[in-house]
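Spelled out from the first residue to the last, the chains are:
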Amino acid sequence: AQSVTQPDARVTVSEGASLQLRCKYSYFGTPYLFWYVQYPRQGLQLLLKYYPGDPVVQGVNGFEAEFSKSNSSFHLRKASVHWSDWAVYFCAVSMWTGGYKVVFGSGTRLLVSP
Amino acid sequence: GGIITQTPKFLIGQEGQKLTLKCQQNFNHDTMYWYRQDSGKGLRLIYYSITENDLQKGDLSEGYDASREKKSSFSLTVTSAQKNEMAVFLCASSRLVSAETLYFGSGTRLTVL
């Protein structure tokens, strides 16, 4: 079945430390992949997206993600986390099912400690 | 720029009641979506619509109806509210291509007494 898995429900990182949030997808075709972020009391907004091509994608606020076809993964990274990165991060896949359907993972809550 | 407006922001219903949520977008986007967000379960797709008068079921369509009578609006009906149900319903829209950004509304928070 077509799906998106974010195995970590919650991740705690010290401010200034590096970050990786994991995402794995299951889809037979060429995936279009996204990371969205939901800051406290705000709506979801796009962080970055992947089109077939360069596997490393740069996003806003220093975030990047790397696509791996062999691992069916699209992990999100940041070199140095800031307290303002405290949010819930969602991985999503756009899949062709007679129209483009966007399926989301369950989300990873990022907590930033001082 | 554009905006997605969801009404109402808060919806309180009784068990068994039929409840309707509305969504309007002024992006002139073709595709619109309804998602349900439960704590710890992420966003689950209820219905989506590729264009006016089109409806496609998502993974969570049972118990819901949807309607897309105009390009700019997409409504969702909870056909029979379940007791103690609490969730946030998010509407989104995008252009009709493969990897376009979804733009989200601020949500409707449903509580069923």
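To keep things clear, this report deals only with the structure shown in the data block.

Definitions and cut-offs
Residues numbered from 1 in each chain as written. Chains lettered and ligands numbered in written order. Predicted model: local features only at pLDDT ≥ 70, side-chain atom pairs only at ≥ 80, totals over all residues. Heavy atoms only, no water. Salt bridge = Lys/Arg side-chain N within 4 Å of Asp/Glu carboxyl O. Helix = DSSP H or I, 4+ residues; strand = E, 2+ residues; numbered from the N terminus. Buried < 20%, exposed > 50% of the residue type's maximum accessible area, 1.4 Å probe, protein only. Disulfide = S-S within 2.5 Å.

## Concerning the pattern of salt bridges
Counting across every chain of the model gives 10 salt bridges over all chains. Put simply, Arg77 of chain A and Glu66 of chain A hold a salt bridge, and the shortest N to O gap is 2.8 Å. Within this pair, whereas Arg77 of chain A is found in strand S9 (residues 73-78), its partner Glu66 of chain A is found in strand S8 (residues 64-68), the two being separated by 11 residues in sequence. The partner of Asp38 of chain B in a salt bridge is Arg36 of chain B, and the shortest N-O contact between them spans 2.7 Å. Owing to a relative accessible area of 11%, Arg36 of chain B belongs among the buried residues under this scheme. Residues participating in the shared-partner salt-bridge network are Arg36, Asp38, Arg44 and Glu85 of chain B.

## Brief notes about the state of the cysteines
Following the criterion strictly, the structure yields two disulfides over all chains and no others. Here Cys23 of chain A is linked by a disulfide to Cys91 of chain A, with a sulfur-sulfur distance of 1.9 Å. Where Cys23 of chain A bonds to Cys91 of chain A through sulfur, the torsion about that S-S bond is close to -65 degrees, and the disulfide is left-handed. On the criterion of sequence distance, the pair formed by Cys23 of chain A in the loop between strand S3 (19-21) and strand S4 (24-26) and Cys91 of chain A in strand S10 (residues 87-96) is long-range, its members being 68 residues apart. Note on accessibility: Cys23 of chain A and Cys91 of chain A belong to one class, buried. Here Cys23 of chain B pairs with Cys91 of chain B through a disulfide, and the sulfurs are 1.9 Å apart. Sign of the S-S torsion, about -75 degrees for the bond between Cys23 of chain B and Cys91 of chain B, identifies this disulfide as left-handed.

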